[in-house]
Amino acid sequence: MVDDDPSVLRALCRLFLAAKLEPRAFPSPAAFLQAHDPATPGCLVLDVALPGLDGLEVQKALSFSECTRPIVFITGRGDIPTTVRAMKGGVVDFLTKPVNDRDLLAAVRNAIEIDRAARETQVEMDAMRQRLASLTPRKREVLAHVVAGRLNKQIAADLGTVEKTIKVHRARIMEKMEVRSLADLVRLAERLGLPPAGGTSSRTS
Amino acid sequence: MRRASEPESRDWQLWRRAVRWLIGVAILTFLATNGAAADTKRILMLFSNDSLLPAGNAVASNFQRTLEAGSPERVEIFTEFLDADRFPGPAHAARMESLLRDKYASSPIDLLVAGGPQALDFLAQRRASLSPGTPLVFAGINEGSIAQRGVPPNSTGIVSRFDPVRTLELALRLQPDARQVVVVTGASTFDQRWDAVAREQLAPYADRLEVTHLSGLPLPQLLDELARLPPRTIVIYLTIFEDGTGELFVPRDLTADISAAASAPVYGVYETYLGRGIVGGYMESFEAIAREAGGLALRILAGEPPERLPPGTVDSQAFMVDWRQLRRWGLDEAKLPPDTIVRFEEPSLWQRYLREILAVIAVLVLQSALIIALLVQRRWRRFAEAPLRESEERYRNVVETQTELICRYLPDSTLTFVNDAYCRYFGRGRDELVGRPFIELIPESERAAALEHIEAIAQSSRGDNYEHQVVRPDGSFGWQQWTDHPIRNAEGSMVELQGIGRDITDLKIANMEVEQRRKEVTHLTRVAILGELSGALAHELNQPLTAILSNAQAAQRLLARAPSELPMVSEILDDIVTDDLRAGEVITRLRALLKKGEATFEPLDLNEVATEVLALARSELIERHVTASTRLALGLPRALGDRVQLQQVMLNLLLNACEAVSSKRSGERMLTVSTALDGDGLLLTSIADRGSGIPSDMADRLFDAFFTTKPHGLGLGLSLCRSIIASHGGRLWADNNPDGGATFTVALPAHSGELS
């Protein structure tokens, strides 16, 4: 939580504690950014009007550092332009003070969930990348052809090898990438952003 | 009583000397006169008629003059008058004789003089008893009379003659158109003789005139004839000693009758006729007669016996006329020959009363002169006084015609003078106001102050302006403004006070309305400012409210969870109270700012005021990304002012400063609020910004009303700020900073109780 009003910080702390959440309070955006550890799961509750950097700028700062921590804005001002700007920047929720506990907790829990989900996804992605990295270059080549939907025969012909070898590669890829079906593999490749090989695909990325 | 020991006073000495001198003179005079007694010649002149006849006087005075001039000795002349015409008869003569005898008993007469025939007769007869042996001189007796009487012994005299030709000449001059001459004579020898002479002498005129002689007629017939004379006739009356009936007359006595009876002017030849009715003639003059007689007298007195001096005649004769007869016959005086002696001239009114007339004229002239002098003096005085009167007039005009009230009063406020305007204002007559204290006209609540004010003026010597309420005739209250000053007498002590006043009710009301408007405008601009801050203020309220809400809801959850959380709940409640109060303060401050009240001056800590203002504007500053820094001096004395109004000013300046830096980049929007005490003991509050400064062409108009750079601004902010600061006795001005931006400074005097 970042708010320059100490009593507000205190009150919010108590609220979160009462809701069995773990609040960590910062009186200023500078203090927060300094102590910010992107690895800590959780969301950010922020007032828009803060001396120094206002909430929107904190938002920008975070996005620059590729931290996707979800933000809940609470503010004394409810003017539309600020709201719109905030929403465009990817804010989870925008609440006006005085803020009702249910609304706040709901938004926070939502944000935490989003954060958790995002982290999970991140972890998955990291794993997947790891596995991808563990593939030999040859196998990565094969992978590209496989996800393009080419038959083994075709792939062998393209790569100048026999079908059998391709089949073996395919099995090892599936195993290493930990997928069971071709469809999963394709999906995985998509998720990793691998470009399919061949000139038949007309998919645009 | 004068005491012997005292010295004589000067006055007494002078008096005694004068008396001695006078006595001496008297003695000498007496001696002189008596000493000369032996050398004095005494002459007794006796006139036939009374003393008032001019003829007699002329003779007497000329005679005296001749005697005095020619006599070696002193001559004393006694004149006596027989008045024989009025008192004829022997009885009177006897009385006269007796009188004269007694009178001159002790004064021996050296010469007797007889004037006229009656006197000659008297003296000739009675000289023996009067003054025997005294020679006698007669005069004024004509030839005929002498011929009748004969010359008495021891006598001589002057005999008068007559000249009919010259008399005719005179008549012809006066009556040039006369055709007839009538010569009147009597029947006596003497008469006839003269008639013959006349006939002879008048013969040459026969060709021109018809000469008629009425001679020897009985008197009644003569008179009758004379009465029937035709016009243009000349009558010459010679003598009538005896008329045709043989009656004897004195020719002179008939003159009157003849003249009265004649229907034409009558001329005569004897001077004695003149005055009895004749016009005039050629006669001997009395002066000549007297002179000749005087000459004879002198010779006799010198010793010559009268016998040796035969009666002589007079050489000089003259034309003589009776002025009255000229008038009677309408004869022109201008035709008279030159050197004619005009007798019996009745002076015209002018001549007769010359002295009186002159006196009257003199009086009139004097009076006129006096009147003129007075008039001139009056005019001159008026002229000299004109400026004074003019200025008095002007003053009176000013006092009476103007609309201002003028009064004079005693120190206890009793009125001694009020002008018209004063009376009119209070709707009372002068007599109702003068003598009463004007305090009565002032509402009770202000009376004490007014009396104090009078005392204050009495002490000082200058006038002072003073305003107070009055009760107007309709019962309503009005306002008046007075300028009073004391009036001192010559010694310098105050006798009265004079006041000049005017009704300022309308002015006061207008002022109060203006004041009201000003307050409203002040209020409205404050409201406007606060309106600008509304977002920020809302935020200020929101914070405590947010805290309260979240606290309360947290407490709810905690209590629902477990009672052991009570300590935390207690904390929560504490915080709630604090935040609520905080919110309340904001509301209070807001309400204070929004209040449209009178300015209440109180001692203020300017740092406090500045801090509060910054708190108010905090959210605004944050929103605009303006960084406000403070440099508040410590230990400043307090200022005297209205908190709300000063906050309004600072807020205005603060927001202006925010506006000024809004064009700068986010990190460069800076302003500084500082307080300080300057060298003159003034408290300075400055708001300096880092904007672009004040353009030079706006510098003069910055504080003007309705001058604004904001598109939707009223432009009243700075002008209102200036007037607020002015009402605090301070100044507000702006300077450009050397390093960019502008600084607005408010200087306020320190509260007098604060200065060490």
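Residues numbered from 1 in each chain as written. Chains lettered and ligands numbered in written order. Predicted model: local features only at pLDDT ≥ 70, side-chain atom pairs only at ≥ 80, totals over all residues.

Our focus in this paragraph is the overall build of chain B. Along chain B, the regular secondary structure elements total 22 helices and 25 strands. Evaluated residue by residue, chain B yields a buried proportion of 34% over its 756 residues. Intrachain contacts of chain B at a sequence separation of at least 6 include 66% that bridge at least 24 residues. (Helix = DSSP H or I, 4+ residues; strand = E, 2+ residues; numbered from the N terminus. Buried ≥ 20, exposed ≤ 12 C-beta atoms within 10 Å, placed from the backbone. Contact = placed C-beta atoms within 7 Å.)

It is worth spelling out the overall build of chain A at this point. Secondary structure summary: chain A contains nine helices and three strands in total. Mapped in sequence order, the helices and strands of chain A form the string α-α-β-α-β-α-β-α-α-α-α-α. Evaluated residue by residue, chain A yields a buried proportion of 31% over its 205 residues. When contacts within chain A are restricted to residue pairs at least 6 apart in sequence, long-range pairs at least 24 apart make up 58% of them.

Let us now look at the sheet that holds strand 5 (residues 155–160) of chain B. Residue and element names in this part refer to chain B. Pairing is parallel in the open sheet, where six strands are placed in the order 2-1-3-4-5-11. Either end of the sheet is taken by a strand with one partner, and the two such strands are strand 2 (74–81) and strand 11 (312–313). As judged from the five bridges shared by strand 4 (residues 136–142) and strand 5, these two strands associate in the parallel manner. Bridge assignment links Phe138 to a residue of strand 5, and that residue is Gly157. (Pairing = 2+ DSSP bridges.)

Across the six residues that make up strand 5 of chain B, a large majority, six, are buried. This β-α-β element, strand 4 of chain B to helix 5 (residues 143–149) of chain B to strand 5 of chain B, shows right-handed connectivity. (Right-handed = clockwise from strand over helix to strand, strands pointing away.)

The next subject is the interface of chain A and chain B. Counting residues at the interface gives 18 residues for chain A, matched by 25 residues for chain B. Top element by residues in the side of chain A that touches chain B is helix 1 (residues 6–18) of chain A. It accounts for eight residues. Tallied by class, residues from the side of chain A that touches chain B come to 10 nonpolar, two polar and six charged. (Nonpolar A, V, L, I, M, F, W, Y, C, P; charged D, E, K, R; others polar.)

It is the contact of helix 1 of chain A with helix 18 (residues 534–561) of chain B, at a shortest axis distance of 8 Å, that shows an interaxial angle of 25°. One element, helix 1 of chain A, and the other, helix 18 of chain B, form an angle in the roughly parallel class. Here the hand of the crossing between helix 1 of chain A and helix 18 of chain B comes out left-handed. Of helix 18 of chain B, the residues touching helix 1 of chain A (which contributes Ser7, Val8, Ala11, Leu12, Arg14, Leu15 and Ala18 of chain A) are Gln543, Pro544, Thr546, Ala547, Ser550, Asn551, Gln553, Ala554, Arg557, Leu558 and Arg561 of chain B. In the contact of helix 1 of chain A with helix 18 of chain B, the residues fall into nine nonpolar, six polar and three charged. (Axes fitted to C-alpha atoms, helices over the stretch in contact; angles between N-to-C directions. Parallel < 35°, antiparallel > 145°, perpendicular 65-115°, else oblique. Left-handed = near helix turned anticlockwise from the far one by under 90°.)

Another aspect to go through is the packing of helix 6 (residues 164–174) of chain B against helix 7 (residues 189–202) of chain B. Residue and element names in this part refer to chain B. At a minimum axis distance of 9 Å, the contact between helix 6 and helix 7 shows a crossing angle of 55°. Judged by the angle between their axes, helix 6 and helix 7 are oblique. Crossing geometry of helix 6 relative to helix 7 is assigned as right-handed. In this structure, helix 6 uses Pro164, Val165 and Leu168 to contact helix 7, whose residues at the interface are Ala198, Gln201 and Leu202. For the contact of helix 6 with helix 7, a count of residues per class yields five nonpolar, one polar and no charged.

The next subject is the nonpolar core. In globular proteins that are soluble, nonpolar side chains generally tend to be buried together. Among the nonpolar cores identified, the biggest contains 85 residues, and Val45 and Val72 of chain A together with Ala617, Met650 and Leu654 of chain B are the most heavily contacted of them. Broken down by element, this core gets its largest block of residues, 11 residues, from helix 21 (residues 643–661) of chain B. Residue contacts for Val72 of chain A: discarding those within four places in its chain leaves Cys43, Val45, Val92, Asp93, Leu95, Ala107, Val108 and Ala111 of chain A. In terms of nonpolar packing, the next biggest core, distinct from the first, is built from 42 residues, Leu46, Ala60, Phe63 and Met96 of chain B among them. (Core = buried A, V, L, I, M, F, W, Y, C linked by C-beta atoms within 7 Å.)

We now examine the sheet that holds strand 17 (residues 477–488) of chain B. Pairing between the strands of a sheet comes from backbone hydrogen bonds, and it takes one of two forms, parallel or antiparallel. All names here are of chain B. The five strands lie next to each other as 15-14-18-17-16, forming an open sheet whose pairing is antiparallel. With partners counted over all chains shown, the strands left at the sheet margins are strand 15 (415–418) and strand 16 (464–471), one partner each. With strand direction ignored, the average angle separating the axes of adjacent strands in the sheet is 30°. The sheet contact formed by strand 14 (residues 405–409) and strand 15 spans three bridges and is antiparallel. Bridging from a neighbouring strand, Arg408 pairs with Phe417 of strand 15. Its contacts with the sheet place helix 16 (residues 444–459) against strand 16, strand 17 and strand 18 (494–503), and it is angled at close to 155° to strand 16.

Moving on, we get to helix 5 (residues 101–134) of chain A. In an α-helix there are 3.6 residues to a turn, and that puts residues three or four apart on one side. Residue and element names in this part refer to chain A. With 34 residues, helix 5 ought to run about 50 Å at 1.5 Å a step, and its terminal C-alpha atoms sit 48 Å apart, in line with that. Every buried residue belonging to helix 5 is among Leu104, Ala107, Val108 and Ala111, and all of these are buried. The elements touched by buried residues of helix 5 are strand 1 (44–47), strand 2 (71–75) and strand 3 (93–96). (Expected span 1.5 Å × (residues − 1).)

Attention now goes to the confidence of the model for chain A. Residue and element names in this part refer to chain A. For chain A, per-residue confidence averages 82 on the pLDDT scale, and 92% of positions sit at 70 or higher. Predicted confidence in chain A is weakest over helix 4 (residues 80–88), with a mean pLDDT of 73, and strongest over helix 1, with 90. Taken together, the stretch residues 199–205 has pLDDT below 50 and engages in three contacts with residues farther than four places along the chain or on a different chain. (pLDDT = per-residue confidence, 0-100.)

This part is about the environment of Leu104 of chain A. Residues and elements named next belong to chain A. Checked against the element boundaries, Leu104 lands in helix 5. Separated by 89 residues in sequence, Leu104 and Leu15 have C-alpha atoms that sit 9.5 Å apart. With residues up to four places along the chain from it excluded, the contact list for Leu104 reads Leu95 and Val99.

Residues and elements named next belong to chain B. For strand 3 (residues 111–115), a buried count of five out of five residues is recorded, marking the element as mostly surrounded by other parts of the structure. The side-chain alternation of strand 3 yields two buried faces, one formed by Leu111, Val113 and Gly115 and the other by Leu112 and Ala114. Of the pairings in the sheet, the one linking strand 1 (residues 40–47) to strand 3 comprises five bridges and is parallel in character. Each bridged residue has a counterpart across the sheet, and for Leu44 the counterpart in strand 3 is Leu112.

Residues and elements named next belong to chain B. A residue-level look at chain B finds 94% of positions with pLDDT of 70 or above and a mean pLDDT of 84. Within chain B, strand 25 (residues 742–749) carries the highest mean pLDDT (93), whereas helix 12 (residues 349–352) carries the lowest (68). The ipTM, which scores confidence in the relative placement of chains, is 0.76 for this predicted complex, and the corresponding pTM is 0.44.

Residue Lys97 of chain A is joined to Pro98 of chain A through a cis peptide bond whose omega torsion reads -10°. Along the chain, the position of Pro98 of chain A falls in the loop between strand 3 and helix 5. Positive phi outside glycine occurs at Arg232 of chain B, with the angle close to 60°. Mapped onto the secondary structure, Arg232 of chain B falls in the loop between helix 8 (219–227) and strand 8 (233–237). Residue Arg232 of chain B is classed as partly exposed on the basis of its 13 C-beta neighbours within 10 Å.

Glancing now at the environment of Ala107 of chain A. All names here are of chain A. Mapped onto the elements of the fold, Ala107 is located in helix 5. Separated by 34 residues in sequence, Ala107 and Phe73 have C-alpha atoms that sit 9.7 Å apart. Residues contacting Ala107, with those up to four places away along its chain left out, are Val72, Val92, Asp93 and Leu95.

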